[in-house]
Amino acid sequence: MALDRPRVLSGIQPTSGSFHLGNYLGAVRQWVAQQDTHDAFYMVVDLHALTVVQDPEALRADSRVAAAQLLAAGLDPERCTVFIQSHVPEHAQLGWVLNCLTGFGEASRMTQFKDKSVKQGTDRTTVGLFTYPVLMAADILLYQSDAVPVGGDQRQHLELTRVLAERFNGRYGETFKVPDAFIVPETARITDLQDPALKMSKSSSTPKGIVNLLDEPKVSAKKIKSAVTDTDTVIRYDEENKPGVSNLLTIYAALTGATVADLEQRYEGKGYGALKTDLAEVYTEWATPFRDRTREYLDDPETLDSILAKGAEKARAVAAETLARVYERVGFLPAKH
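Residues numbered from 1 in each chain as written. Predicted model: local features only at pLDDT ≥ 70, side-chain atom pairs only at ≥ 80, totals over all residues. Heavy atoms only, no water.

Asks: For this particular structure, what's the right way to read the pairing of strand β2 (residues 39-44)?
Replies: Strand residues, when the strand is regular, have side chains that alternate between the two faces of the sheet. Burial of β2 is extensive: six of the six residues sit out of reach of the surface. Here β2 shows two buried faces, one formed by D39, F41 and M43 and the other by A40, Y42 and V44. One ladder, built from six bridges, connects strand β1 (residues 7-12) with β2; its direction is parallel. Note on β2: the bridge partner recorded for S10 is Y42. Traced from β1 through helix α1 (residues 21-34) to β2, the parallel crossover comes out right-handed. Looking at chain direction, β2 and strand β3 (residues 81-84) are connected through four bridges and run parallel. (Buried < 20%, exposed > 50% of the residue type's maximum accessible area, 1.4 Å probe, protein only. Helix = DSSP H or I, 4+ residues; strand = E, 2+ residues; numbered from the N terminus. Pairing = 2+ DSSP bridges. Right-handed = clockwise from strand over helix to strand, strands pointing away.)

Asks: Just to check I follow, could you spell out the side chain of T294 for this structure?
Replies: Position of T294 among the secondary structure elements: in helix α12 (residues 272-298). The class for T294 is buried, based on a relative accessible area of 1%. From its side chain, T294 meets the backbone oxygen of F290 in a polar contact 3.0 Å long. Discounting chain neighbours no more than four positions away, the residues touching T294 are A68, Q69, A72 and L214. (Polar contact = N/O pair within 3.5 Å; in protein donor to acceptor, adjacent residues only side chain to side chain. Contact = heavy atoms within 4.5 Å.)

Asks: Looking at this model, I keep getting lost on the UniProt feature "binding site: L-tryptophan" (unreviewed entry) in the protein. Mind explaining?
Replies: If you check UniProt for "binding site: L-tryptophan" (unreviewed entry), the listed places come out as D139 in our numbering. As for its placement among the helices and strands, D139 is situated in helix α7 (residues 127-142). Those residues in contact with D139 that lie beyond four places of it in its chain are L9, M43, H48, Q85 and H91. In this structure the side chain of D139 is engaged in a polar contact, spanning 2.7 Å, whose partner is the side chain of H48. (UniProt positions renumbered as here; feature names shortened; annotations may be inferred.)

In structure tokens, the structure reads:
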């Protein structure tokens, strides 16, 4: 990897078997592009997944499926580093050091924690959920990342990461690179097909509103054809007044590379049915080979395990160097071998 490339790190949860269309268009598609411009590290964040109760066998299976989907989407182990978070123990080790640098008050102010703890109640809210942003900071700082792709809901966590990096550097000397947010201007925000006011999400979408990439394409095509639109007939991008149609145009543009303006012109004078039918076909053409590639990786566990082992080895080479410097600076006695 070229040394002059900026380094970028990102991760995705190993949840519920299949990525959905929002995961792919909002994040993974950008990762595929970044591997040609960045020294890129991408991980399946199974440590973070433990902030909710997990079935052990399901978590193992979901982690493999997540890794297979990343590779099927176009991440190339020769051009980027793909690994499982728990295969690199330095994440948890640096997480503890940063926990001891984080104020209780600043961790309490994280809005995601506040929202989730209110929903769950104090007794069901774990310390892991409370310190989740600190582990996320460790993820980022371990790799001396120049930039981190973040959505709006993660910006506060990145700001905490920057604060902790500066605090550590101020107390112990220059150790961490202070990362910037990498905001991809064309990132697609994909909404629920049945309720376009909501972001497409495993936690909030109804089964009919979410497009899971590993579902049979004909099942997803049916959902697209049943997507909520409006009582008007004009195919026009207008998030405020036509959120359903705007969502379909966003998906169509993202999957084909056409601009929204091109699509508005193409469907001028045509009904919503034509747009939905064509989009269902476009999606099917994209999803079918994606599912086939994912299945090929899952049917060849030795190859998948080998890719993940090499990824973890590459990640640990970087992470171990950072952690050794941190341990020396905070005053830990080095282990003699």
